[in-house]
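Here's the letter readout for the chains.
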Amino acid sequence: MAAGRLLDGKAIAAAVRAEVRAGVDELVAQGHRAPNLAVVLVGNDPASASYVRGKMRASAAAGIEGETFKFDRDLSEADLLDLVARLNEDSSIDGILVQLPLPPHLDASRVIERLSPDKDVDGLHVINTGRLWTGRDGFLPCTPAGILEMLRRSNIETRMRRAVIIGRSNLVGKPLSGLLMRKGTDATVTVCHSRTRDLAAICHEADILIAAIGRAHFVTATMVKTGAAVIDVGINRIDDPTRDRGYRLVGDVDFKAVREKADWITPVPGGVGPMTIAMLLSNTLKAAKRLISG
Ligand code: NAP
């Protein structure tokens, strides 16, 4: 059997980013300032720092201004909330992103709740969650929105198909379930988690299987139906002495074996990750346009 086709997140994200760039150029040509994204980074987690650098690079390439507010890991919650309040008030800033995870002494949900929902370009504020679940316009969380966009642009049918998501986080699994079941997308969705019984059998029923677990190679070929589309959200570091840095990144899916059965599969890296960044840029442009139109 032929190997499944690659869902090339990098290429699809490049197309989205080019559209954002065109939208930014149009705003500027109309005499508006470029959209402006503020990113807050607390602590020195190397993975978070690298994600932030990637987001800033992508913003710059799309013509979006960006500023990173960097703090030591012992920043107090009061100081962080003060900063958020200032950024909310600052009319030269369209979008605010607080890079997660925050150090343990900072309550991430309390911080996110203080963001202005209209600048919440990560789509994690409870108001935007409510908008997602009630079908109103808001900011969609970037990873789930990126997955939907990737399916749509690859002409992968969702209507009347069975989608199974492994993972129920507020960041990925839960909002993705809401997006997949929306009218017009019309998938029938099952959400699995660590307490799910018969997980492998449920996964095997999926036309679209999404893994958002955080465990390397968790999804094996026996869990996948022949012809399924498999979306791998996971990013896991595994030791690799052949690499200079001593590790490599892999997803939650046993890519090689699963590709033999699936019709479509996302690689890691180069699948969902680039789409997440592209949707952040798209949300930032949307925030800027909303601010202009009042
Ligand atoms: P999370 O908050 O840790 O959630 C993981 C989910 O997996 C939980 O719902 C957990 O179930 C479930 N799970 C854990 N072990 C399981 C098992 N043995 N069987 C079934 N379900 C199990 O993680 P997350 O934030 O959603 O992220 C998931 C992965 O995606 C991570 O690797 C993360 O780095 C990656 N990620 C990638 C992107 C991207 O842009 N590519 C964006 C976000 C996240 P319980 O709820 O029962 O504990």
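Here's a quick rundown of the structure. (Residues numbered from 1 in each chain as written. Predicted model: local features only at pLDDT ≥ 70, side-chain atom pairs only at ≥ 80, totals over all residues. Heavy atoms only, no water.)

## Regarding the site of the ligand
To be explicit about the condition: Working definition: residue near molecule or strand if any one of its non-hydrogen atoms lies within 4 Å of it. Counting of polar contacts relies on pairs of N or O atoms within 3.5 Å, with two restrictions inside protein: one atom must be capable of donating a hydrogen and the other of accepting it, and residues adjacent in sequence are counted only when both atoms are side-chain atoms. Using the Shrake-Rupley algorithm and a 1.4 Å probe, accessible areas are obtained, with residue cover drawn only from the displayed protein chains. Secondary structure counts use DSSP, requiring at least four H or I residues in a row for a helix and at least two E residues in a row for a strand, with both numbered from the N terminus.
Every one of the 21 residues lining the ligand counts as a neighbour, but Arg168, Ser169, Ser194, Ile235 and Thr276 are closest to it. Between the ligand and the protein, one listed contact pairs an oxygen atom with a side-chain N or O atom of Ser169 at 2.5 Å. Taking Val233, its main chain carries an N or O atom lying 3.4 Å from an oxygen atom of the ligand. For the ligand, whose unbound accessible area comes to 930 Å², protein coverage reaches 71%. With three residues, the single largest contributor to the shell around the ligand is helix α10 (residues 272-293).

## Structural notes on the nonpolar core
Here is the rule we go by: Residues grouped as a nonpolar core are buried Ala, Val, Leu, Ile, Met, Phe, Trp, Tyr and Cys residues, joined through side-chain atoms within 4.5 Å. Three exposure classes are used, based on accessible area relative to the maximum for each residue type with a 1.4 Å probe and protein chains only: buried under 20%, partly exposed in between, and exposed over 50%.
Counting residues in each nonpolar core, the largest one holds 49 residues, and the members touching the most others are Val20, Ile147, Leu180, Ile210 and Ile231. With nine residues, the top contributor of residues to this core is α10. Counting residues in hydrophobic clusters, the runner-up holds 19 residues, among them Phe69, Val98, Leu106 and Val111.

## Description of the pattern of salt bridges
Test applied: Each salt bridge in this description consists of a side-chain nitrogen of Lys or Arg and a carboxyl oxygen of Asp or Glu lying within 4 Å of one another.
Taken as a whole and judged by the stated rule, the model has 14 salt bridges. Here Arg153 makes a salt bridge to Glu19, at a shortest N to O gap of 2.9 Å. Residue Arg153 is located in helix α6 (residues 142-153), and its partner Glu19 is located in helix α1 (residues 9-29); the two are separated by 134 residues in the primary sequence. On the accessibility criterion, Arg153 (29% relative accessible area) is partly exposed. The salt bridge partner of Asp207 is Lys225, with a shortest N-O separation of 2.8 Å. Residue Asp207 is found in the loop between α8 (199-204) and β7 (208-211), and its partner Lys225 is found in the loop between β7 and β8 (229-232); the two are separated by 18 residues along the sequence. A residue is classified by how much of its surface remains accessible, and Asp207, at 16% relative accessible area, is buried. By relative accessible area, Lys225 is classed as partly exposed at 27%. Counted as one network, the salt bridges with shared partners bring together Glu19, Glu149, Arg152 and Arg153.

## Description of the layout of surface pockets
Using the following cut-off: In this analysis a 1.4 Å probe is tested at points of a 1 Å grid over the protein atoms alone, and where it fits but cannot get out there is a cavity; an open set with protein on both sides within 12 Å along at least five of seven lines is a pocket; lining residues have an atom within 4 Å of a point. Grid points are joined across faces, edges and corners, and a volume is the space filled by probe spheres set on the points.
Empty space within the second largest pocket amounts to approximately 530 Å³. Around the second largest pocket, the lining comprises 25 residues; the ones closest to its centre are Ala145, Leu148, Glu149, Arg152 and Met279. Those elements that provide at least two residues to the lining of the second largest pocket are α1, α6 and α10. At six residues, α6 tops the list of elements feeding residues into the lining of the second largest pocket.

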